[in-house]
Amino acid sequence: MLPRTYDSQNCSIARSLEIVGDRWTMLVIRTALEGVRRFDDFQETLGIARNVLTDRLIRLCDEGILRKVRYQERPDRYEYRLTRKGVELWPAMMSLLLWGDRHYADDGPPLIIAHRGCGGRLTTELKCDSCGASIGPADVEPIPGPGARPLLP
């Protein structure tokens, strides 16, 4: 049986999985990359239990992937912004998205990552399939794909 942590493994993948390797953490990061910053917006977007979200946000802040920034006083209210370390997860997230599109999107990709510059699509090389430009998180616009499901009322 595998241990609950990867501490005994001298492997960067294992160490990374200690931080981002559960479902909710990856989805919180994905949602932050989409521009969500406030607790209630994360909770509504993800449908995650408040206590689970609180735990993940604290952990991501402790690890330097997100930072907590006060946007209101009396009462204090905070938002969560990606750090450089957090933004650096974008290529891994996009690679995972494209892999999932290839292997698990039977009705087509639910989301298309389009290049803002020309409308081309993101490739596995993180380039635009139309103009060939290298693409980063600020260069894309997610649009519903053929596999998108309508939102439930």
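Please refer to the structure higher up on the page.
In this report, we go over the structure that sits alongside the text. Computed from a predicted model, the values in this text were never measured in an experiment.

A closer look at the overall build of the chain
- A tally of regular secondary structure across the chain gives six helices and four strands.
- Along the chain, from the amino end to the carboxyl end, the secondary structure elements read α-α-α-α-β-β-α-α-β-β.
- For the chain, the spread of C-alpha atoms along the three principal axes comes to 45 × 45 × 30 Å.
- Buried positions account for 31% of the 153 residues belonging to the chain.
- Here the chain has roughly 10500 Å² of accessible surface; of this, 50% comes from carbon and sulfur atoms.
- Each charge class in the chain can be summarised by its mean position, and for the 22 positive and 21 negative side chains these summaries are 4 Å apart.

Observations concerning the environment of Glu-79
- Mapped onto the elements of the fold, Glu-79 is located in strand β2 (residues 77-82).
- Among the residues examined, Glu-79 registers a relative accessible area of 6% and is labelled buried.
- In the structure, Glu-79 is positioned 63 residues away from Ser-16 in sequence and 24 Å away in space, judged by C-alpha atoms.
- Ignoring sequence-local partners within four residues, the contact set of Glu-79 consists of Arg-37, Arg-38, Arg-67, Lys-68, Val-69 and Tyr-71.
- At a separation of 2.6 Å, a polar atom in the side chain of Glu-79 contacts the side chain of Arg-81.

What to know about the side chain of Thr-83
- Looking at the element boundaries, Thr-83 is found in the loop between β2 and α5 (84-87).
- When its relative accessible area of 15% is taken as the criterion, Thr-83 is described as buried.
- For Thr-83, the side chain forms a polar contact with the main-chain oxygen of Gly-64, separated by 2.4 Å.
- With near-sequence residues (within four places) excluded, Thr-83 lies in contact with Gly-64, Ile-65, Leu-66 and Arg-67.

What counts as what
Counting starts from 1 at the beginning of each chain's written sequence and moves along it residue by residue. Restriction of local features to residues with pLDDT of at least 70 applies here, the model being predicted, together with a cutoff of 80 or more for giving and counting side-chain atom pairs; totals for whole chains, interfaces and linings are based on all residues. The basis for every side-chain value is the complete set of heavy atoms in the structure, and neither hydrogens nor water enter the calculation. Helix and strand definitions follow DSSP, with helices as H or I runs of at least four residues and strands as E runs of at least two, each counted in order from the N terminus. Here the term buried applies to any residue with accessible area under 20% of the maximum for its type, exposed to any over 50%, and partly exposed to those in between, with areas from a 1.4 Å probe on protein chains only. Per-residue accessibility takes into account occlusion by the displayed protein chains alone, with areas from the Shrake-Rupley method and a 1.4 Å probe. Charge assignment in this entry is limited to Lys and Arg as positive and Asp and Glu as negative, and neither His nor the chain termini are counted. For this purpose, a charge sits on NZ of Lys, CZ of Arg, CG of Asp or CD of Glu. When checking whether two residues touch, look at their non-hydrogen atoms; a contact exists if any pair is within 4.5 Å. Definition of a polar contact: a pair of N or O atoms within 3.5 Å, with one able to donate and the other able to accept a hydrogen when the atoms are protein atoms, and with sequence-neighbouring residues admitted only if both atoms are side-chain atoms.

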